[in-house]
Amino acid sequence: MTKIAVVTGANRGLGFATARHLGRAGVKVLVGARSLANSEDAVERLVGEGFDAEPLLIDVNSQASVRHAAQQVAREHRRVDILVNNAGILPEATTADVDPLDLQLFRDTFETNVFGVISTTQEFLPLLRRSPSARVVNISSTMGSLTDQSDPASPYAAVPVPAYRMSKTAINGFTVALARMLADTSIKVNAVCPGHVQTDLGGPENRAAAPTTADDAAQIVAKMALIADDGPTGDFVDSAGAVAW
């Protein structure tokens, strides 16, 4: 039985690289994007490489859009085996002269990075329950680790992005809570830090400075999306292993 994956924010960057890795593993990937044209362009590239992919219009900031996407997947596929909550923003790094304590910045960041993840998971959970061994992967960051935030020697210690950091801390908490809520099911839920990735998330300066390609970063995401039935749940990991909460 071919596995079916939904990847949000999959038309570029880490999401697209994750879709490609899952495609290599024989998974049918539903390429989630806020723009149908962008999703279709990404699907065309994936199909051109020999992978099984379909477009999926989904804006995680819109409950109606998320619900419509879930209803479409229910009609066309009846289940979801893998959900990768990848869509995210980091406006602090791309807005000039931003006040790091600007309340609207926090609202905007949490709307996508936290509430968007919760909304998407909520709407797709009935379809995940129909899978014999579903997996949920939440894209987090070491910058969301309270242990790392408390360490003055951390390479991220001087990065002033409190809204982004807090949003990822919240995602880690959601991961633990959801894993416990689903402990009596076959659904496994984990948070993944892909590393400092060469994507547009933090603007052009981030792409130039980041040491990790999207393709390399996506390996740990795909690995956790494809873990066996005896694999972990409620964990926070990166390519090197466990990340401290």
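Basis of the calculations
Residues numbered from 1 in each chain as written. Predicted model: local features only at pLDDT ≥ 70, side-chain atom pairs only at ≥ 80, totals over all residues. Heavy atoms only, no water. Helix = DSSP H or I, 4+ residues; strand = E, 2+ residues; numbered from the N terminus. Expected span 1.5 Å × (residues − 1). Buried < 20%, exposed > 50% of the residue type's maximum accessible area, 1.4 Å probe, protein only. Salt bridge = Lys/Arg side-chain N within 4 Å of Asp/Glu carboxyl O. Patch = residues over 30% accessible without salt bridge, like charges linked within 9 Å, V, L, I, M, F, W, Y side chains within 5 Å. Areas by Shrake-Rupley, 256 points an atom, 1.4 Å probe, with all protein chains shown as cover. Lys, Arg positive; Asp, Glu negative; His and termini not counted. Charge placed at Lys NZ, Arg CZ, Asp CG, Glu CD. Pairing = 2+ DSSP bridges. Contact = heavy atoms within 4.5 Å. Axes fitted to C-alpha atoms, helices over the stretch in contact; angles between N-to-C directions. Polar contact = N/O pair within 3.5 Å; in protein donor to acceptor, adjacent residues only side chain to side chain. Phe/Tyr/Trp six-rings, centres within 6.5 Å; stacked < 30°, edge-to-face > 60°. Lys NZ or Arg CZ within 6 Å of the ring centre and 35° of its normal. pLDDT = per-residue confidence, 0-100. Parallel < 35°, antiparallel > 145°, perpendicular 65-115°, else oblique. Left-handed = near helix turned anticlockwise from the far one by under 90°. Nonpolar A, V, L, I, M, F, W, Y, C, P; charged D, E, K, R; others polar. Core = buried A, V, L, I, M, F, W, Y, C linked by side-chain atoms within 4.5 Å.

**Student:** I'd like a rundown of helix α1 (residues 13-24), residues and numbers included.
**Tutor:** Helix length check: α1 (twelve residues) gives 17 Å between terminal C-alpha atoms against 16 Å at 1.5 Å per residue, within 8%. Burial analysis of α1 places ten of its twelve residues in the buried class, which makes it a mostly covered element. Within the span of α1, buried status applies to L14, G15, F16, A17, T18, A19, R20, H21, L22 and G23. Phi turns positive, to about 85°, at G26, one or two residues after α1.

**Student:** Could you give me a rundown of the pattern of salt bridges, with the residues and numbers involved?
**Tutor:** If you walk through the whole model with that rule in mind, you get seven salt bridges. In this structure, E54 and K28 form a salt bridge, with 3.2 Å as the shortest nitrogen-oxygen distance. One end of the pair, E54, is in strand β3 (residues 53-57); the other, K28, is in strand β2 (residues 28-33), and 26 residues separate them in sequence. A salt bridge links D229 to R135, with the shortest nitrogen-to-oxygen separation between them at 2.9 Å. Remark: R135 occurs in strand β5 (residues 135-139) and D229 occurs in the loop between α8 (214-225) and β7 (236-238); sequence separation between them is 94 residues.

**Student:** Before we move on, can you summarise a negative patch on the surface with the specific residues and values?
**Tutor:** There is a patch of like negative charges on the surface, built from D99, D102, D108 and E111. Along the polypeptide, D99 turns up in the loop between β4 (82-85) and α4 (103-129). Relative accessible area serves as the criterion here: at 45%, D99 is assigned to the partly exposed category.

**Student:** So, the sheet that holds β2: which residues are in play, and what are the values?
**Tutor:** Reading across the sheet, the eight strands line up as β3-β2-β1-β4-β5-β6-β7-β8 and stay open at both edges, with mixed pairing between neighbours. Each of the sheet's edge strands pairs with one partner strand only, and the pair in question is β3 and β8 (241-242). Here two bridges tie β7 to β8, and the two strands are oriented antiparallel to one another. Bridging across to β8, V237 finds its partner in A242. Here helix α3 (residues 63-77) sits on the sheet in contact with β1 (4-7), β2 and β3, set at roughly 145° to β3. Relative to strand β6 (residues 188-192), helix α6 (residues 162-181) is tilted by about 165°, and along the sheet it contacts β5, β6 and β7.

**Student:** Mind laying out the side chain of S154, listing which residues take part and the relevant values?
**Tutor:** With respect to the helices and strands, the residue S154 is situated in the loop between α5 (146-149) and α6. Within polar-contact distance, the side chain of S154 engages the backbone nitrogen of Y156 at 3.0 Å.

**Student:** Quick one: what's the story with the packing of aromatic side chains, residue by residue and with numbers?
**Tutor:** Any pair of aromatic rings gets described here by the distance separating the centres and the angle formed by the planes. Summed over all chains, the structure comprises two aromatic pairs. Its guanidinium or amino end placed over the ring of F16, R45 lies 4.2 Å from that ring's centre, counting from NZ or CZ.

**Student:** Can you tell me about the confidence of the model for the protein, naming the residues and giving the values?
**Tutor:** For the protein, per-residue confidence averages 93 on the pLDDT scale, and residues scoring 70 or more make up 93% of the total. Mean pLDDT values over the elements of the protein span from 54, in helix α7 (residues 204-209), up to 99, in β4.

**Student:** Before we move on, can you summarise the packing of α1 against α8 with the specific residues and values?
**Tutor:** Interhelical geometry of α1 versus α8 gives an angle of 55° and a closest axis separation of 8 Å. Taken together, the axis directions place α1 and α8 in an arrangement best described as oblique. For the pair α1 and α8, the crossing hand works out as right-handed. In contact with G13, L14, A17, T18, R20, H21, L22 and R24 of α1, α8 contributes A214, D215, A217, A218, Q219, V221, A222 and A225. Class assignment for the residues of the contact of α1 with α8 results in nine nonpolar, four polar and three charged.

**Student:** Outline the nonpolar core, supporting the account with residue identities and numerical values.
**Tutor:** Membership of the largest hydrophobic core comes to 31 residues, with the highest contact counts inside it found for L22, V31, V137 and V221. Of all the secondary structure elements, the ones that give two or more residues to this core are β1, α1, β2, α2 (36-48), β4, β5 and α8. If one sorts the elements of this core by residue count, α8 sits on top with eight residues. When residues no more than four places from it in sequence are discounted, the contact partners of L22 are A5, V7, V27, V29, I82, A222, A225 and L226. Core analysis: the next-biggest nonpolar cluster, separate from the first, contains 25 residues, A69, L125, A134 and V189 among them.

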